[in-house]
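Each chain, written out:
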Amino acid sequence: MNAVISVIIFIVIMSLIVLERIHKTVAALAGAALLLLMKVFNFDTAISYVDFNTIGVLLGMMIFVAVIKRSGMFEYIAIRSAKIAKGDPWRIMVIFMFMVAFLSAFLDNVTTVLLIAPMTIAITRMLDINPVPFLLTQVFASNIGGTATLIGDPPNIMIGSSANLSFIDFIKNTAPVSIVIMLALVIMMRLLYGKKLQTTQEDIDKIMLMRENDAITNIKLFRISIIAILLLVIVFIMHATLKIDTASIAIAFGVGMLFFTPDDAEQIIFDVEWSTLLFFIGLFVVVGGMVETGVVESIAQKLLEFTNGNPKLTMIILLWGSALFSSILDNIPFVATLIPMITAMEAAGVNVTSFWWAISLGACLGGNGTLVGASANVIIAGVSNRYGHEISFRDFTKVGFPVMVVSIMISTAYLLLFY
């Protein structure tokens, strides 16, 4: 009975989010409250399904970014990038896409988009063009880039740990296809936005005449921010060796930066996207209800049973199943249910090497499918909405789902060719 209740609540909440009848945060928290009231699980169990590492990273990086943006760094980089691209909107879009993809391979996706989004808003304001296409392409690039390495996306960290796969293993197996998918993304975005990114020569001339150094409002904080970002990247890359979780790193850096802007501390804390954090907490609990009642595990088992023991078919089902479900479910609990099944198959003598890469590619790339498919998607939407450019569930899915399908088609060809 609890399984039925959890599925009904999940479907209703997701429908409310998709149809945008009520605010997504209200919908997610209402779903969590209903699960508790219907006694699907108690409060302690519900809280156990909240990924506080993700919440911690979000909170820490929101504070970190809120501090460093007060130095004028984002405006500086925006002007510099625009001048390198000669003010051409399409070139700027491509530069930012590859910048985000590269950073996302070594940083948390959320961290990357939080750092780049303010630059994007600044640069599009200068050119008097809509920032939404730029923000969408960046979030797609962040999910693709995160697929390339062991530390780029949480599912890869989980898979690497369970399958004893190294950083180099991911570089060899997921990085090559990620590069191909990035090139395909550029082509798709060129066809979709290439002719729409128009600006006037007057606006271009204004940018080319601007002095990036004039954008720096606090030179001391600017220099401190550069050092802090470099240290943050290094520590994030080494977090496994240092045995420090990413949430602790993000919060430590965020709080540390507050000491350099004591007069603005209250405003910075006020500026944190609390609505987004509460949305994630509610969504974790709603998905946790289906995990607790065995629904997610049952879905995963059905996927494997459907293949009837055929290794190639199993690989493809895992790839597409992971992608489709990860576009609407949080990929962390979904991958967590698949890992023990694949481990059991390996113990029975099945060669499961390709299965690991299938769920890695599917879970990470599937995040591009819908607005709730990945944390970075929701963050980008929140930032864009705050600046007056709404990205709805429908708007995101119209572009993101085709991107996901093309990505998984390329991944299918790649896996069949090499495995």
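Residues numbered from 1 in each chain as written. Predicted model: local features only at pLDDT ≥ 70, side-chain atom pairs only at ≥ 80, totals over all residues. Heavy atoms only, no water.

1. Points about the overall build of the chain
Inclusion rule: Strands here mean DSSP runs of E at least two residues long; helices mean DSSP runs of H or I at least four residues long; both are numbered from the N terminus. Here the globule rule reads 2.2 Å times residues to the power 0.38, and the radius of gyration is calculated from C-alpha atoms. Type-normalised accessible area, obtained with a 1.4 Å probe on protein chains alone, sets the label of each residue: buried when under 20%, exposed when over 50%, and partly exposed for intermediate values. Whether two residues are in contact is decided by their heavy atoms, any of which lying within 4.5 Å being enough. All accessible areas in this document rest on Shrake-Rupley with a 1.4 Å probe, and a residue is counted as covered only by the protein chains that are shown. Counted as positive: Lys and Arg. Counted as negative: Asp and Glu. His and the chain ends are not counted at all. Working definition for charges: the position is that of NZ of Lys, CZ of Arg, CG of Asp or CD of Glu.
Each helix and strand in the chain was counted, giving 23 helices and zero strands. In terms of C-alpha radius of gyration, the chain reaches 21 Å, essentially the compact-globule figure of 22 Å for 419 residues. With the C-alpha coordinates aligned to their principal axes, the bounding extent of the chain is approximately 65 × 50 × 45 Å. Counting the 419 residues in the chain, one finds 56% classified as buried. Considering only residue pairs separated by 6 or more positions, the chain has 80% of its internal contacts joining residues 24 or more positions apart. Of the roughly 18,000 Å² of accessible surface on the chain, 65% is carried by carbon and sulfur atoms. Counting 24 positive and 27 negative side-chain charges, the chain places the centres of these two groups 7 Å from one another.

2. Some details on the environment of P118
Mapping P118 onto the fold places it in helix α7 (residues 109-127). Along the backbone, P118 and A66 are 52 residues apart, and their C-alpha atoms lie at a distance of 9.8 Å.

3. Re the packing of helix α6 (residues 89-104) against helix α11 (residues 175-193)
For any two helices packed against each other, one specifies the crossing angle of their axes together with the interaxial distance. Put simply, the rule reads: Axis lines are fitted through C-alpha atoms, for helices just across the contact stretch, and the angle between N-to-C directions can take any value from 0 to 180 degrees. Here the word oblique covers every angle except those under 35 degrees (roughly parallel), over 145 (roughly antiparallel) and from 65 to 115 (roughly perpendicular). Each helix crossing is assigned a hand: it is left-handed if the near helix lies turned anticlockwise from the far helix by less than a right angle, otherwise right-handed if that turn is clockwise.
In contact at an axis separation of 11 Å, α6 and α11 are set at 150° when each is read in the N-to-C sense. It follows from the interaxial angle that α6 and α11 lie roughly antiparallel. Every pair of crossing elements has a handedness; the one defined by α6 and α11 is right-handed. Only M182, L183, L185, V186, M189, R190 and Y193 of α11 make contact with α6, whose side of the interface consists of W90, M93, V94, M97, F98 and A101.

4. Some details on the confidence of the model for the chain
Note the cut-off: pLDDT expresses, on a scale from 0 to 100, how confident the predictor is about each individual residue.
Put simply, the chain has an average pLDDT of 85, and 98% of its residues get 70 or more. Of all the helices and strands in the chain, helix α18 (residues 295-306) carries the lowest mean pLDDT, 74, while α11 carries the highest, 95.

5. Side note on the layout of surface pockets
What counts here: The definitions used throughout rest on a 1 Å grid laid over the protein atoms alone, on which a cavity is an enclosed set of points accommodating a 1.4 Å probe that cannot get out and a pocket is an open set flanked by protein within 12 Å on both sides along at least five of seven lines; lining residues are those having an atom within 4 Å of a point. Grid points are joined across faces, edges and corners, and a volume is the space filled by probe spheres set on the points. Amino acids are sorted into nonpolar (Ala, Val, Leu, Ile, Met, Phe, Trp, Tyr, Cys and Pro), charged (Asp, Glu, Lys and Arg) and polar (every other residue, Gly among them).
Here the second largest pocket is characterised by a volume of approximately 350 Å³. Going through the elements one at a time, α5 (73-84), α6, α7 and α13 (219-237) are the ones with two or more residues in the lining of the second largest pocket. With six residues, the single largest contributor to the lining of the second largest pocket is α5. Residue composition of the lining of the second largest pocket, by class: 15 nonpolar, one polar and one charged.

6. Quick look at a positive patch on the surface
Selection criterion: A residue counts toward a patch only above 30% relative accessible area and without a salt bridge, and it is joined to like-charged neighbours within 9 Å or, for Val, Leu, Ile, Met, Phe, Trp and Tyr, to nonpolar neighbours within 5 Å. A pair is scored as a salt bridge if a Lys or Arg side-chain nitrogen falls within 4 Å of a carboxyl oxygen belonging to Asp or Glu.
Together, R21, K196, R394 and K398 give the surface a local cluster of positive charge. Here R21 lies in the loop between α1 (2-19) and α2 (24-37). For R21, a relative accessible area of 64% corresponds to the exposed category.

7. Comments concerning unusual backbone geometry
Not every positive phi belongs to a glycine, and D128 is a case in point at roughly 55°. Position of D128 relative to the elements: it lies in the loop between α7 and α8 (132-146). The class of D128 is exposed, set by a relative accessible area of 65%.

8. Topic: helix α15 (residues 246-258)
For the record, the criterion: To estimate how far a helix should extend, the number of its residues minus one is multiplied by 1.5 Å.
In this model, α15 (13 residues) spans 19 Å end to end at C-alpha, consistent with the 18 Å of a helix rising 1.5 Å per residue. Here α15 has its buried residues at T246, A247, I249, A250, F253, G254, M257 and L258. The secondary structure elements touched by the buried residues of α15 are α4 (52-68), α13, α14 (239-242) and α16 (265-271).

9. Things to note about the packing of α4 against α13
Following both chains from N to C, one finds α4 and α13 inclined at 155°, their axes separated by 10 Å at the closest point. Considering their axes alone, α4 and α13 lie roughly antiparallel with respect to each other. Of the two possible hands of crossing, α4 and α13 adopt the one that is left-handed. For the pair α4 and α13, contact is made by M61, F64, V67 and I68 and by L221, S225, A228, I229, L232 and F236, respectively.

10. Observations regarding the side chain of T276
Structurally, the position occupied by T276 is in helix α17 (residues 274-292). In this structure T276 touches M62, V378 and I379, once residues within four positions along its chain are discounted.

11. Concerning the nonpolar core
What counts, and what does not: Nine residue types can take part in a nonpolar core, namely buried Ala, Val, Leu, Ile, Met, Phe, Trp, Tyr and Cys, and a core is a set of them joined through side-chain atoms within 4.5 Å.
Membership of the largest hydrophobic core comes to 144 residues, with the highest contact counts inside it found for F64, L185, W356 and I379. Contacts of W356, omitting those with residues within four sequence positions, involve I159, A163, L165, I339, I342 and T343.

12. Overview of α8
Over its 15 residues, α8 extends 21 Å from the first C-alpha to the last, a length consistent with the 21 Å expected when each residue adds 1.5 Å. Across the 15 residues that make up α8, a large majority, 15, are buried.

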